[in-house]
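Inside the fold
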Amino acid sequence: MWWKTTSVILLIYAIVAGLLVPLKPGIDRVSPDSALTGSRLDMQIHGYNTWYSRGNTADIRVWLQYDSLRAVAGTDIRVISDTTLAVSFQLPTTLPDGGESDMLNLIVSHPTDGVSLLPSALEIEADTSASSSAANWTDNPVEKLHVVRDFSYPYRNVIYETIRNTYFHVPMWFALMFMFLVSVVYSIKYLTRPDETSDQKAVAFTETGLLFGLLGLTTGMLWAHYAWGKAWSNDIKQLMTAVALLVYAAYFILRASFDEPEKGARLAAVYNIFAFSSLVPLLYIVPRLFASLHPGATGNPAFGSQDLDNTMRLVFYPSIIGFILLGVWIANIRYRILRIQQLADDQD
Amino acid sequence: MNTNFANQFLTLLRKEFVIEFRQRYAISGIVLYVISMVFVVYASSIKVGPKEWNVFFWLIVLFAGINAVVKSFVQESGTRQLYYYQLVDPSILISAKIVYNTILLMALTSLAYGSYSVVAGNPVKDPGLFLLVLFLASLGFSIAFTFLSSIAAKASNSATLMAILSFPVILPVLLTLLRLSSVSLRLIQDTAYRKDIINLVAIDVILVALAFVLFPFIWRD
């Protein structure tokens, strides 16, 4: 019983904390987003979840960053509203590498909001006719940042609030792998010593795993709708996941194609082991061979290194455990239903 | 014991060839199947560019492969299967079938390649790599389809079941093959294609291991 209670508590915690904890303050966009070297740039910064009017305006600091060593500090910082900040930059005459154009990052350090960063915020183009200005790239390095500790999720451009889906989409796949793994264990058990219980448990866990697969695909499509622009973009990860679910759908068709239940159970157990070993290439090897938008594919960082900070871990891990326990619970109920049906059939 | 195993294996392999030779309609059927599919592809598309050539070729090979392998367990009656069961070790039986089907599929893919080149041209720029891909395809299809046909043969609706079971499972293999074949047609530039070959061989090794471990359980009736 204790684990059912644990599952409910963990899931309630994951849903409440996952949906209610705010995002860190971030920078949504800047205008203008391009400039020439040597010019004076008046920029408006549009923040997200920010409270720019709190604290002392003199303590706010802004940089346009070229790389970890070189940056230009902003001057004449004025707070227009809680989410809008006006700032001026005197841009140096040439780019540090002497190139034609480059992207600069924007860093805002605020006494109460902390540090926020917009990668590739400003496109800067070299103006060959520019008269030399006094500004240079290294006169005001990025240092003495305001570090603010609070309980909030990281702000990421493009995904914004949908970062909360991490607590629901990713645990589905952990739960799916767990359910299919348990199912395979019961299938192996059935092959070594055939008895109805192992077979019914294998079926119950496969059904629950398939349910998590469908939910994982749905939450993934919802996420893709916001982050990739389309719910279904024939991304290799989406395709291979759909195929993996087809492999398991075939399991049920195979079971149903035999007149003798014993034969069906045995061959389904064999196929289950086969299907599980095809799951790894489908979900984790093939998607890495092709271009994909999904994290963990070619060119994309694997999940965990950048996208998961310590605050998120506090919700993410409990959510995984909660969903796995919920899955075991569902599979248990499903197994009992199969058992009762079996007993009822035997009595007829 | 070792020579005994080798003897059993060779006898079974020869048996497969003899059966095939005696029932010539089956192999002729598959050959005709390949040739008619090549013509259907050619007739339905006015001009076959290298990209389409690649896709159509692998579709022909996939369908021909499934149809060629599906009969390997269906064609022999239950009583004869029982007879084999008493005589030989199941792993020898499945390995003989896999080797035989690999040879059959290699012949079929070469035939498909030849006839397809005649009607639709031959855009292959790296024949060595392409032939290696054909061999890996025959091997991978043979292992997966032989194993799955042994499951499907036990059911009444074996043809449908064969398609349902094999298409999703073979897809990673097929996608990797398509990619390697695109490299040999110079459709994509990929200097790291050796990694794909290793992946393919790794999948084959896993499939063979599974077939060896699991086949005795399918066999036992």
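Residues numbered from 1 in each chain as written. Chains lettered and ligands numbered in written order. Predicted model: local features only at pLDDT ≥ 70, side-chain atom pairs only at ≥ 80, totals over all residues. Heavy atoms only, no water.

**Comments concerning the overall build of chain A**
Of regular secondary structure, chain A possesses six helices and nine strands. Computed over the C-alpha atoms, the radius of gyration of chain A is 27 Å, more than 25% above the 20 Å expected from 2.2 N^0.38 for a compact globule of 348 residues. Structurally, chain A occupies a C-alpha span of about 95 × 40 × 30 Å along its principal axes. The proportion of buried residues among the 348 residues of chain A is 48%. In chain A, once contacts between residues fewer than 6 apart in sequence are set aside, the share between residues at least 24 apart is 74%. Accessible surface computed for chain A: about 16,700 Å², of which carbon and sulfur atoms make up 60%. A distance of 9 Å separates the average location of the 25 positive side-chain charges in chain A from that of its 31 negative side-chain charges. (Helix = DSSP H or I, 4+ residues; strand = E, 2+ residues; numbered from the N terminus. Rg over C-alpha atoms; globule rule 2.2 N^0.38 Å. Buried < 20%, exposed > 50% of the residue type's maximum accessible area, 1.4 Å probe, protein only. Contact = heavy atoms within 4.5 Å. Areas by Shrake-Rupley, 256 points an atom, 1.4 Å probe, with all protein chains shown as cover. Lys, Arg positive; Asp, Glu negative; His and termini not counted. Charge placed at Lys NZ, Arg CZ, Asp CG, Glu CD.)

**Digging into the domain arrangement of chain A**
Assigned domains within chain A: domain 1 (35-125) and domain 2 (160-347). Taking the mean C-alpha position of each, domain 1 of chain A and domain 2 of chain A sit 46 Å from one another. (Domains from an automatic or database assignment.)

**Examining the pairing of strand 3 (residues 40-48) of chain A**
Residue and element names in this part refer to chain A. Note that strand 1 (residues 26-31) and strand 3 share five bridges and pair antiparallel. When the bridges of strand 3 are listed, S31 appears paired with Q44. The pairing of strand 3 with strand 7 (residues 84-90) spans seven bridges and is antiparallel. Each residue of the ladder has a partner; that of L41, found in strand 7, is F89. (Pairing = 2+ DSSP bridges.)

**Brief notes about the interface of chain B and chain A**
One frequently used descriptor of interface size is the decrease in accessible area upon assembly of the parts. The interface is formed by 26 residues belonging to chain B together with 24 residues belonging to chain A. If you look at where chain B meets chain A, you find zero salt bridges. Our enumeration of links across chain B and chain A arrives at three residue pairs in polar contact (both at pLDDT 80 or more). The residue inventory of the side of chain B that touches chain A, partitioned by class, reads 17 nonpolar, four polar and five charged. (Salt bridge = Lys/Arg side-chain N within 4 Å of Asp/Glu carboxyl O. Polar contact = N/O pair within 3.5 Å; in protein donor to acceptor, adjacent residues only side chain to side chain. Nonpolar A, V, L, I, M, F, W, Y, C, P; charged D, E, K, R; others polar.)

**Describing the pairing of strand 7 of chain A**
Residues and elements named next belong to chain A. Among the seven residues of strand 7, six are classified as buried, and the element is accordingly described as predominantly covered. Note that strand 6 (residues 75-81) and strand 7 share four bridges and pair antiparallel. Among the inter-strand pairings, V79 is bridged to a residue of strand 7, identified as L85. Counting the residues in the hairpin turn of strand 6 and strand 7 gives two residues.

**Some remarks on the environment of S198 of chain A**
Residues and elements named next belong to chain A. Tracing the backbone through its elements, the reader meets S198 in helix 3 (residues 196-227). Assessed through its relative accessible area of 2%, S198 is described here as buried. Between the C-alpha atom of S198 and that of A269, which follows or precedes it by 71 residues, the distance is 9.8 Å. Other than its neighbours up to four places away in sequence, S198 contacts Y186, K189 and Y190.

**What about the sheet that holds strand 9 (residues 114-125) of chain A?**
Residue and element names in this part refer to chain A. The five strands lie next to each other as 2-9-8-4-5, forming an open sheet whose pairing is mixed. Since the sheet does not close on itself, it has two edges, and those belong to strand 2 (34-36) and strand 5 (71-73), each with one partner. Going from strand to strand, the sheet's axes swing by 30 degrees on average, the running direction of each strand aside. Relative to strand 9, strand 2 is paired through three bridges, and the arrangement is parallel. Looking at the pairing, A35 lines up with I124 of strand 9. (Axes fitted to C-alpha atoms, helices over the stretch in contact; angles between N-to-C directions.)

**What to know about the packing of helix 2 (residues 24-44) of chain B against helix 6 (residues 90-120) of chain B**
Residues and elements named next belong to chain B. Running from N to C, helix 2 and helix 6 point in directions that differ by 30 degrees, and their axes come no closer than 10 Å. Classified by the angle their axes make, helix 2 and helix 6 are roughly parallel. For the pair helix 2 and helix 6, the crossing hand works out as right-handed. Only L104, L108, L111, A112, S115, Y116, V119 and A120 of helix 6 make contact with helix 2, whose side of the interface consists of I27, I30, V31, V34, V38, F39, V41 and Y42. Of the residues contributing to the contact of helix 2 with helix 6, the split by class is 15 nonpolar, one polar and no charged. (Parallel < 35°, antiparallel > 145°, perpendicular 65-115°, else oblique. Left-handed = near helix turned anticlockwise from the far one by under 90°.)

**A look at the pattern of salt bridges**
Residue and element names in this part refer to chain B. Evaluated as defined, the whole model comprises ten salt bridges over all chains. For the salt bridge of K97 with E16, the shortest nitrogen-to-oxygen distance reads 3.1 Å. Here E16 lies in helix 1 (residues 2-22) and K97 lies in helix 6, a separation of 81 residues in the sequence. You can call K97 buried: its relative accessible area is 4%. Look at E16 and you get buried, because its relative accessible area is 4%. D196 serves as the salt-bridge partner of R179, at 2.9 Å between the closest nitrogen and oxygen.

**Observations concerning the packing of aromatic side chains**
Evaluated as defined, the whole model comprises 24 aromatic pairs over all chains. Taken together, a centroid distance of 6.3 Å and an interplanar angle of 80 degrees make the contact between F174 of chain A and F316 of chain A edge-to-face. In this pair, F174 of chain A sits in helix 2 (residues 166-192) while F316 of chain A sits in helix 6 (residues 310-347), placing the two residues 142 residues apart along the sequence. Using a relative accessible area of 4% as the deciding quantity, one classes F316 of chain A as buried. Ring pairing ties together the aromatic residues W53, F57, W58, Y113, Y116 and F130 of chain B, which thus form one cluster. Between the NZ or CZ atom of R54 of chain A and the centre of the ring of W51 of chain A, over which it lies, the distance is 4.4 Å. Above the face of the Y335 of chain A ring, K201 of chain A is positioned so that its terminal group lies 5.1 Å from the ring centre. (Phe/Tyr/Trp six-rings, centres within 6.5 Å; stacked < 30°, edge-to-face > 60°. Lys NZ or Arg CZ within 6 Å of the ring centre and 35° of its normal.)

**Quick notes on a negative patch on the surface**
On the surface, D33, E100, E123 and E125 of chain A cluster together into a negatively charged patch. Structurally, D33 of chain A can be placed in the loop between strand 1 and strand 2. (Patch = residues over 30% accessible without salt bridge, like charges linked within 9 Å, V, L, I, M, F, W, Y side chains within 5 Å.)

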